[in-house]
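Residue-level structure breakdown
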Amino acid sequence: MFAAFSCGKEEKNYVPKPKGYNRIDLPAHAYRKLTEIHPYTFEFSKYAEIVPDTFPMAGKDWIFVNYPAFKANIQLTYKPLNNSPQSLKDFIEDSYKLTTKHQIRASSIQEERVLSQSGKTAVIFRIEGDVPSPYQFYTTDSSRHFLRGAIYFPTATKNDSLAPVIDYLRKDMIQLLNTLQWR
């Protein structure tokens, strides 16, 4: 009986399912003003929270704009310049050094100088490849304030699957720069 049913039927080819990625639902961009007292203020996502930086070497005005739903953050490190051209030079060099630490895993690093809507010049680094920090930036008024930022994902996920979240955070980073004001 088994032989009768197995013969004469069309042979089915089974193939494994293609590799898939989790669906990521992103909320519409909405912003609120930073209310904490720092030498700077800006608008940040209402889906994020401000968390103090607790690293041992963190300065008092270093913070994380934390996105718990995405397991990501924008780390902000602030340093006063006190009208010191040497400090400005050192902080800019540090920004480049921290960016180039990603060269081991990066496929490219692109540098872009932008003028924000608030009139501030910022340098943005786009780091492509499977790196934990796809965007970094710094901005300064060249005499009193220096702010460096980096988008970080503390996960080992491939960045191609995080592309929608990376783009979402990039827009929030641009909003931060466009609304940044020194105090």
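This text gives an overview of the structure that appears in the document. Predicted model only: the values in this text are computed from it and were never measured. (Residues numbered from 1 in each chain as written. Predicted model: local features only at pLDDT ≥ 70, side-chain atom pairs only at ≥ 80, totals over all residues. Heavy atoms only, no water.)

Attention now moves to the overall build of the protein chain. Across its full length, the protein chain carries three helices and eleven strands. Starting at the N terminus, the α and β elements of the protein chain follow one another as α-β-β-β-β-β-β-α-β-β-β-β-α-β. Out of the 183 residues in the protein chain, the part that is buried amounts to 39%. By sequence separation, contacts in the protein chain at least 24 residues apart represent 48% of the contacts at least 6 residues apart. Surface exposure of the protein chain reaches about 11400 Å², of which carbon and sulfur atoms provide 55%. (Helix = DSSP H or I, 4+ residues; strand = E, 2+ residues; numbered from the N terminus. Buried < 20%, exposed > 50% of the residue type's maximum accessible area, 1.4 Å probe, protein only. Contact = heavy atoms within 4.5 Å. Areas by Shrake-Rupley, 256 points an atom, 1.4 Å probe, with all protein chains shown as cover.)

Turning our eyes to something else, we now look at helix H3 (residues 163–179). The end-to-end C-alpha separation of H3 is 24 Å, in line with the 24 Å expected for 17 residues at 1.5 Å each. Within H3 the residues assigned to the buried category are Val165, Ile166, Tyr168, Leu169, Asp172, Met173, Gln175, Leu176, Leu177, Asn178 and Thr179. (Expected span 1.5 Å × (residues − 1).)

On to the packing of aromatic side chains. The description of two aromatic rings rests on the distance between their centres and on the angle between their planes. Summed over all chains, the structure comprises twelve aromatic pairs. On the basis of an interplanar angle of 45 degrees and a centroid distance of 5.5 Å, the ring pair of phenylalanine 91 and phenylalanine 146 is categorised as tilted. Of this pair, phenylalanine 91 sits in helix H2 (residues 85–100) while phenylalanine 146 is found in strand E10 (residues 145–152), placing the two residues 55 residues apart along the sequence. The exposure class of phenylalanine 91 is buried, given its relative accessible area of 15%. In this structure phenylalanine 146 comes out as buried when scored by relative accessible area, which is 2%. (Phe/Tyr/Trp six-rings, centres within 6.5 Å; stacked < 30°, edge-to-face > 60°.)

Spatial relationships are all this shows, so hold off on functional conclusions.
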